[in-house]
Amino acid sequence: MNLKAFYRNGAKLLFFAATVMLMQSCGFIKEKFGKGGKEEAGVANGEIVATARKGYRQTTPAGMVAIPSGSFMMGQADEDLAATMVNMNKRVTISAFYMDDTEITNNEYRQFVDALLMDSISVLGEEEIMTKYYPDTTVWKKDFAYTNGDPMVEYYYMHPSFDTYPVVGVSWKAAQYFSEWRTNIYNDYRDQEGMFRSQSFRLPTEAEWEWAARGGRQGAKYPWGNPYTMNGKGCFLANFKPQRGNYDADGYPYTGPANAYNPNEYGLYNMAGNVSEWTLDAFADNATTILWDMNPMNDDLNEPRKVIKGGSWKDVAYYLQAGTRSYEFETQQRAFIGFRCIMDNIDGRRGATGKRR
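So, a few notes on the structure that sits alongside this text. (Residues numbered from 1 in each chain as written. Predicted model: local features only at pLDDT ≥ 70, side-chain atom pairs only at ≥ 80, totals over all residues. Heavy atoms only, no water.)

Before going further, it helps to spend a moment on the overall build of the protein chain. Within the protein chain, the secondary structure is distributed over 10 helices and 12 strands. Looking at the protein chain as a whole, 44% of its 357 residues are labelled buried. Within the protein chain, residue pairs in contact and separated by at least 24 positions form 71% of the contacts whose partners lie at least 6 positions apart. (Helix = DSSP H or I, 4+ residues; strand = E, 2+ residues; numbered from the N terminus. Buried < 20%, exposed > 50% of the residue type's maximum accessible area, 1.4 Å probe, protein only. Contact = heavy atoms within 4.5 Å.)

In this structure, Tyr109, Phe112, Trp140, Phe178, Trp278 and Phe339 are the most contacted members of the largest nonpolar core, which totals 39 residues. Where this core is concerned, the elements lending two or more residues are helix H3 (106–119), helix H5 (126–133), helix H6 (139–142), helix H8 (172–192) and strand S8 (276–282). Among residues more than four places away in sequence, those in contact with phenylalanine 339 are Glu103, Ile104, Tyr109, Val167, Val170, Ala175, Phe178, Leu203, Glu277 and Trp278. Listed in part, the 18 residues of the second largest apolar core include Ile67, Phe97, Trp209 and Ile342. (Core = buried A, V, L, I, M, F, W, Y, C linked by side-chain atoms within 4.5 Å.)

Right, let's talk about the packing of H3 against H5 for a bit. In the contact formed by H3 and H5, the axes pass within 10 Å of each other and the chain directions differ by 165 degrees. By the angle between their axes, H3 is roughly antiparallel relative to H5. H5 is crossed by H3, and the crossing has right-handed handedness. Taking contact as the criterion, the partners of Tyr109, Phe112, Val113, Leu116 and Leu117 in H3 are, on H5, Ile129, Met130 and Tyr133. For the contact of H3 with H5, a count of residues per class yields eight nonpolar, no polar and no charged. (Axes fitted to C-alpha atoms, helices over the stretch in contact; angles between N-to-C directions. Parallel < 35°, antiparallel > 145°, perpendicular 65-115°, else oblique. Left-handed = near helix turned anticlockwise from the far one by under 90°. Nonpolar A, V, L, I, M, F, W, Y, C, P; charged D, E, K, R; others polar.)

To continue, consider the environment of serine 95. Position of serine 95 among the secondary structure elements: in the loop between strand S5 (90–94) and strand S6 (97–100). Once you skip the residues sitting within four places of it in the chain, serine 95 turns out to touch Ser69, Met294, Asn295 and Arg349.

Next up on the list: H8. In this model H8 runs 31 Å from its N-terminal to its C-terminal C-alpha over 21 residues, within 8% of the 30 Å that 1.5 Å per residue would give. Backbone geometry just downstream of H8 places glycine 194 in the positive-phi region, at approximately 70 degrees. (Expected span 1.5 Å × (residues − 1).)

Tallying each qualifying case throughout the model produces 29 aromatic pairs. Aromatic rings pair up to connect Trp140, Phe144, Tyr156, Phe162, Tyr165, Tyr247, Tyr254 and Trp313 into one cluster. Sitting above the plane of the tryptophan 172 ring, lysine 306 keeps its charged end 4.4 Å from the centroid. In this structure, lysine 314 packs its charged tip against the face of phenylalanine 336, placed 4.3 Å from the ring centre. (Phe/Tyr/Trp six-rings, centres within 6.5 Å; stacked < 30°, edge-to-face > 60°. Lys NZ or Arg CZ within 6 Å of the ring centre and 35° of its normal.)

Time to look at helix H9 (residues 206–214). Most of H9 sits out of view: nine of its nine residues are buried. Taken together, the buried positions of H9 are occupied by Glu206, Ala207, Glu208, Trp209, Glu210, Trp211, Ala212, Ala213 and Arg214. Positive backbone phi, at 60 degrees, marks glycine 215, one or two positions downstream of H9.

All right, on to the sheet that holds strand S7 (residues 201–202) then. Sheet strands pair by backbone hydrogen bonding; their relative direction is either parallel or antiparallel. Here four strands make up an open sheet; going across it, the order is S3-S6-S12-S7 and the pairing antiparallel. Each edge of the open sheet carries a strand with a single partner, namely strand S3 (64–67) and S7. Bridging between S6 and strand S12 (residues 342–344) involves three bridges; their strand directions are antiparallel. The residue bridging phenylalanine 97 from the neighbouring strand is aspartate 344, located in S12. (Pairing = 2+ DSSP bridges.)

Right, let's get into the pattern of salt bridges. Tallying each qualifying case throughout the model produces 20 salt bridges. One salt bridge in this structure joins arginine 325 and glutamate 206, with 2.7 Å as the shortest N-O distance. Of this pair, arginine 325 sits in the loop between strand S9 (305–309) and strand S10 (326–329) while glutamate 206 sits in helix H9; the two residues are 119 residues apart in sequence, bridging distant segments of the chain. Of the two residues examined, arginine 325 and glutamate 206, each falls in the buried class. With a closest N to O distance of 3.0 Å, glutamate 303 and arginine 305 form a salt bridge. Bridged by salt links that share partners, the residues Glu206, Glu210, Arg214, Lys309 and Arg325 form one connected network. (Salt bridge = Lys/Arg side-chain N within 4 Å of Asp/Glu carboxyl O.)

Within the element layout of this structure, tyrosine 109 appears in helix H3. Judged by its relative accessible area of 0%, tyrosine 109 falls in the buried class. A C-alpha to C-alpha distance of 6.9 Å links tyrosine 109 and valine 167, two positions 58 residues apart in sequence. Those residues in contact with tyrosine 109 that lie beyond four places of it in its chain are Ile104, Tyr133, Pro135, Tyr157, Val167, Val170, Ala174, Phe178 and Phe339. Within polar-contact distance, the side chain of tyrosine 109 engages the backbone oxygen of tyrosine 133 at 2.6 Å. (Polar contact = N/O pair within 3.5 Å; in protein donor to acceptor, adjacent residues only side chain to side chain.)

Despite not being glycine, tyrosine 146 shows a phi value in the positive range, around 55 degrees. Counting through the fold element by element, tyrosine 146 comes out in the loop between H6 and helix H7 (150–155).

Further remarks concern the environment of phenylalanine 112. With respect to the helices, strands and loops of the structure, phenylalanine 112 is situated in helix H3. Each C-alpha atom, one on phenylalanine 112 and one on serine 179, is 9.7 Å from the other, the two residues being 67 residues apart in sequence. Discounting residues that sit within four places of it in the chain, phenylalanine 112 has contacts with Tyr133, Tyr177, Phe178 and Trp181.

What follows covers the sheet that holds strand S11 (residues 337–338). Taking strand neighbours across the sheet as the criterion, the four strands line up as S10-S9-S8-S11 in an open arrangement whose pairing is mixed. Of all the strands in the sheet, the pair left with one neighbour each is S10 and S11. Judged from the three bridges that link them, S8 and S9 form a sheet pairing that is antiparallel. When the sheet's bridge partners are listed, alanine 282 is paired in S9 with lysine 306. Across the sheet, H8 is in contact with S8 and S9; its angle to S8 comes to roughly 85 degrees.

Pasting the structure below:
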């Protein structure tokens, strides 16, 4: 036998054995593989016999990416230029989840509206569907004084040119209803196939959104990490309002495609700029002090202001920062606010780096 090959193979075996011993000492082997054997559930011989049910494995939903669990310093990562004092730093821990890799697009949202118009008119009525859930296309005109938004009013939502652009003119309540509808059609399919029902689609909490936006970069100011809005070649890294109003300088005068620019380290596009995004949280000036540090969420239903994050095509760079907070009223529809969904990752709810034994 070749002596070098002998030593090389021996080193591999030693490395494998050391890895197994380390995993076993931390409790991973038992937790991951269990005892195996035949699946049983019930009472036998006067004792409870109920091993884990077989056949379930959570899969990544279409269009989503897996966001790992972790802990990070939430809040402002740079100077609070507006002196808002509403986002002081606080360490929080976030459980794993799945997140849409892009904002919900016009074409995706149309599937929802078309389904309501086809199946739910008798329940909701056409007027309610058109006023509450159909995007308000007039926002392109009424959100900004003395502007020619007419072409966007006429074409943005329905024209094929904008199919992959983020939907806007959608209220927080409409985004919530979209998430419920998406959950229902997903679970209807799973029921028909005899599969376990899935967790619900929903809006991300503010903390989940901020954790995902930073892409695992601790203390990052922007999703791409560095403190600048341009790369070394002088290209802008997001769609916003650069150079004191030169909207076209970043490549798009209004919104851009939902997958424009490069994704962050988690594979998420446009977590800064393009459109601001609704989160699940009610807005509170003192959120840092009142919320818990494990999966924090402000679910105050009596507060109509909801947190929006990420900044948009019409905002200056300050609002693109992952830690910057802003809000809008839950019934408002704006030309610069969209959303994306998440789903809890139940299978992935284990510590990412912690040791156990």
